[in-house]
Amino acid sequence: MASDAGEILTVQRAAYVTEAQLYGDPFIPPLVESLEQVRAAIVSATVLKAVDGGRVVGAVRGQLSGTTCLVGRLVVAPDRQGRGVAMALLTALHELVPEAAAFDLFTGHLSDGNLRLYRRLGYRETHRERMDDHLTLVHLRR
(Lines give C-alpha, C1' and ligand atoms only; values in the text may rest on other atoms or scores of the structure.)
Protein backbone atom coordinates (compact mmCIF):
# COMPACT_ATOMS: atom_id res chain seq x y z
CA MET A 1 0.00 0.00 0.00
CA ALA A 2 2.99 2.33 0.42
CA SER A 3 3.03 2.31 -3.38
CA ASP A 4 -0.28 4.24 -3.22
CA ALA A 5 1.32 7.13 -1.32
CA GLY A 6 1.76 9.32 -4.41
CA GLU A 7 -1.83 8.91 -5.53
CA ILE A 8 -3.14 9.45 -2.00
CA LEU A 9 -1.05 12.61 -1.66
CA THR A 10 -2.37 13.90 -5.00
CA VAL A 11 -5.99 13.36 -3.88
CA GLN A 12 -5.18 14.90 -0.49
CA ARG A 13 -3.77 18.06 -2.04
CA ALA A 14 -6.67 18.40 -4.48
CA ALA A 15 -9.20 17.86 -1.69
CA TYR A 16 -7.66 20.38 0.70
CA VAL A 17 -7.34 23.26 -1.77
CA THR A 18 -10.90 24.39 -0.99
CA GLU A 19 -10.15 24.21 2.76
CA ALA A 20 -7.04 26.34 2.25
CA GLN A 21 -9.10 28.89 0.31
CA LEU A 22 -11.86 28.84 2.93
CA TYR A 23 -9.42 29.69 5.71
CA GLY A 24 -7.06 31.86 3.64
CA ASP A 25 -4.05 29.66 4.42
CA PRO A 26 -2.18 27.88 1.61
CA PHE A 27 0.16 26.22 4.12
CA ILE A 28 -2.26 23.99 6.01
CA PRO A 29 -0.56 20.71 7.01
CA PRO A 30 -2.32 18.46 4.44
CA LEU A 31 -1.04 20.68 1.63
CA VAL A 32 2.58 20.77 2.77
CA GLU A 33 2.87 17.14 3.86
CA SER A 34 5.60 15.33 1.94
CA LEU A 35 5.43 12.06 0.05
CA GLU A 36 7.72 10.51 2.69
CA GLN A 37 5.35 11.62 5.45
CA VAL A 38 2.41 10.00 3.64
CA ARG A 39 4.43 6.79 3.18
CA ALA A 40 5.28 6.79 6.89
CA ALA A 41 1.60 7.25 7.80
CA ILE A 42 0.65 4.31 5.59
CA VAL A 43 3.15 2.12 7.42
CA SER A 44 2.27 3.25 10.96
CA ALA A 45 -1.51 3.77 10.73
CA THR A 46 -4.56 2.12 9.26
CA VAL A 47 -5.01 3.80 5.88
CA LEU A 48 -8.00 3.00 3.71
CA LYS A 49 -8.41 4.07 0.12
CA ALA A 50 -11.41 4.30 -2.18
CA VAL A 51 -10.76 3.29 -5.77
CA ASP A 52 -12.92 3.93 -8.83
CA GLY A 53 -11.84 2.49 -12.16
CA GLY A 54 -8.32 1.91 -10.89
CA ARG A 55 -8.00 5.51 -9.67
CA VAL A 56 -7.64 6.42 -5.99
CA VAL A 57 -10.53 8.80 -5.30
CA GLY A 58 -10.41 8.96 -1.51
CA ALA A 59 -8.54 7.95 1.63
CA VAL A 60 -8.67 8.13 5.41
CA ARG A 61 -6.20 7.43 8.22
CA GLY A 62 -6.84 5.95 11.62
CA GLN A 63 -4.24 5.67 14.36
CA LEU A 64 -5.03 3.76 17.54
CA SER A 65 -3.96 5.62 20.69
CA GLY A 66 -4.92 3.54 23.71
CA THR A 67 -8.57 2.74 23.08
CA THR A 68 -9.20 5.78 20.87
CA CYS A 69 -8.82 5.81 17.11
CA LEU A 70 -7.51 9.18 15.94
CA VAL A 71 -9.04 9.83 12.52
CA GLY A 72 -7.22 12.07 10.08
CA ARG A 73 -6.81 13.11 6.48
CA LEU A 74 -10.26 12.07 5.28
CA VAL A 75 -9.98 13.12 1.64
CA VAL A 76 -12.09 12.71 -1.48
CA ALA A 77 -11.15 13.83 -4.98
CA PRO A 78 -13.09 17.00 -5.82
CA ASP A 79 -14.89 15.36 -8.76
CA ARG A 80 -16.14 12.56 -6.47
CA GLN A 81 -17.27 14.66 -3.51
CA GLY A 82 -20.92 14.45 -2.47
CA ARG A 83 -21.27 10.84 -3.67
CA GLY A 84 -20.89 9.00 -0.37
CA VAL A 85 -17.17 8.21 -0.65
CA ALA A 86 -16.26 9.92 2.64
CA MET A 87 -19.14 8.24 4.46
CA ALA A 88 -18.10 4.84 3.09
CA LEU A 89 -14.46 5.38 4.11
CA LEU A 90 -15.34 6.42 7.66
CA THR A 91 -17.85 3.59 8.05
CA ALA A 92 -15.23 1.10 6.87
CA LEU A 93 -12.69 2.53 9.32
CA HIS A 94 -15.18 2.18 12.18
CA GLU A 95 -15.70 -1.48 11.23
CA LEU A 96 -11.99 -2.18 10.70
CA VAL A 97 -10.96 -0.91 14.15
CA PRO A 98 -13.58 -2.55 16.41
CA GLU A 99 -11.25 -2.42 19.42
CA ALA A 100 -11.56 1.38 19.47
CA ALA A 101 -13.85 2.57 22.24
CA ALA A 102 -14.04 5.98 20.55
CA PHE A 103 -13.10 7.73 17.33
CA ASP A 104 -11.78 11.30 17.53
CA LEU A 105 -11.32 13.79 14.72
CA PHE A 106 -11.33 17.51 14.08
CA THR A 107 -12.17 19.95 11.33
CA GLY A 108 -12.27 23.69 10.87
CA HIS A 109 -15.25 25.66 12.18
CA LEU A 110 -16.20 26.90 8.68
CA SER A 111 -16.22 23.41 7.14
CA ASP A 112 -20.00 22.95 7.22
CA GLY A 113 -20.08 19.95 4.88
CA ASN A 114 -17.55 18.09 7.00
CA LEU A 115 -19.42 18.89 10.20
CA ARG A 116 -22.71 17.66 8.69
CA LEU A 117 -21.09 14.40 7.57
CA TYR A 118 -19.50 13.74 10.95
CA ARG A 119 -22.74 14.44 12.80
CA ARG A 120 -24.66 12.10 10.47
CA LEU A 121 -22.16 9.39 11.41
CA GLY A 122 -22.75 9.91 15.13
CA TYR A 123 -19.88 12.23 15.98
CA ARG A 124 -20.55 14.85 18.65
CA GLU A 125 -18.59 18.00 19.35
CA THR A 126 -16.38 17.74 22.44
CA HIS A 127 -14.64 21.12 22.35
CA ARG A 128 -13.28 23.91 20.19
CA GLU A 129 -9.69 25.05 19.93
CA ARG A 130 -8.92 28.53 18.62
CA MET A 131 -5.79 28.35 16.47
CA ASP A 132 -5.71 31.97 15.24
CA ASP A 133 -8.05 34.75 14.11
CA HIS A 134 -9.22 32.75 11.10
CA LEU A 135 -9.36 29.19 12.38
CA THR A 136 -11.03 27.39 15.23
CA LEU A 137 -10.77 23.61 15.26
CA VAL A 138 -13.92 21.71 16.13
CA HIS A 139 -13.07 18.44 17.89
CA LEU A 140 -15.60 15.62 17.62
CA ARG A 141 -15.93 12.11 19.06
CA ARG A 142 -17.97 9.04 18.15
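Each value, and the rule that gives it
Here, residues in each chain are numbered from 1, in the same order as that chain's written sequence. Totals for whole chains, interfaces and linings use every residue, but because this is a predicted model, local features are given only for residues with pLDDT of at least 70 and side-chain atom pairs only at 80 or more, for both listing and counting. Water and hydrogen atoms were dropped before computing side-chain values, which therefore reflect all heavy atoms in the structure. Axis lines are fitted to C-alpha atoms, over the contacting stretch for helices. Their N-to-C directions set the angle, which ranges from 0 to 180 degrees. Where helices and strands are cited, they refer to DSSP runs of H or I of at least four residues and of E of at least two residues respectively, numbered from the N terminus. Each angle gets one of four labels, with under 35 degrees taken as roughly parallel, over 145 as roughly antiparallel, 65 to 115 as roughly perpendicular, and the rest as oblique. Crossing handedness: left-handed means the near helix sits turned counterclockwise from the far one by under a right angle, and right-handed means the same turn made clockwise. In what follows, a contact means two residues having at least one pair of non-hydrogen atoms within 4.5 Å. The residue classification treats Ala, Val, Leu, Ile, Met, Phe, Trp, Tyr, Cys and Pro as nonpolar and Asp, Glu, Lys and Arg as charged. All others, Gly included, are polar. In this analysis, the expected span of each helix is defined as 1.5 Å times one less than the number of residues it contains. We define the bend at each residue as the angle formed by axes fitted to the 7 residues ending at it and the 7 residues starting at it. In this scheme, a residue with accessible area under 20% of its type's maximum is buried, one over 50% is exposed, and one in between is partly exposed, where area comes from a 1.4 Å probe on protein chains only. Each pair of strands is called paired provided DSSP finds at least two bridges between the two strands.

1. Quick look at the packing of helix α4 (residues 85–96) against helix α5 (residues 112–120)
Then comes step 1: At a minimum axis distance of 11 Å, the contact between α4 and α5 shows a crossing angle of 45 degrees. Looking at the two axes, α4 sits oblique to α5. At the point where α4 passes α5, the crossing takes the right-handed sense. Facing Ala 86, Met 87 and Leu 90 of α4, the residues of α5 in contact are Leu 117, Tyr 118 and Arg 120.
Then comes step 2: The class makeup of the residues in the contact of α4 with α5 is five nonpolar, no polar and one charged.

2. Quick look at helix α1 (residues 5–23)
Then comes step 1: Over its 19 residues, α1 runs 26 Å from end to end, which matches the ideal 27 Å to within 8%, given 1.5 Å per residue.
Then comes step 2: Its axis deflected by about 35 degrees at Tyr 16, α1 carries its strongest bend there.
Then comes step 3: When α1 is considered as a whole, its buried residues turn out to be Ala 5, Ile 8, Leu 9, Val 11, Gln 12, Ala 15, Tyr 16, Glu 19, Ala 20 and Tyr 23.
Then comes step 4: One or two positions beyond α1, positive phi appears at Gly 24, with a value near 65 degrees.

3. Quick notes on the environment of Thr 67
Then comes step 1: Relative to the helices and strands, Thr 67 resides in the loop between β2 (55–65) and β3 (68–76).
Then comes step 2: Measuring from C-alpha to C-alpha, the distance between Thr 67 and Glu 99 comes to 6.9 Å, with 32 residues separating the pair along the chain.
Then comes step 3: Look past the residues within four positions of Thr 67 in its chain and what remains in contact with it is Glu 99, Ala 100, Ala 101 and Ala 102.

4. So, the sheet that holds β3
Then comes step 1: Strand order in the open sheet formed by six strands is β1-β2-β3-β4-β6-β5, and the pairing between neighbours is mixed. At either end of the open sheet lies a strand with only one pairing partner, and these are β1 (46–52) and β5 (124–132). Here the average twist between neighbouring strands, direction ignored, is 25 degrees.
Then comes step 2: Two elements, β3 and strand β4 (residues 102–108), share three bridges in a ladder whose sense is parallel. Bridge pairing in β4 places Thr 68 opposite Ala 102.
Then comes step 3: Those strands touched by α1 are β1, β2, β3, β4 and β6 (135–141), and its axis lies near 85 degrees from that of β3.

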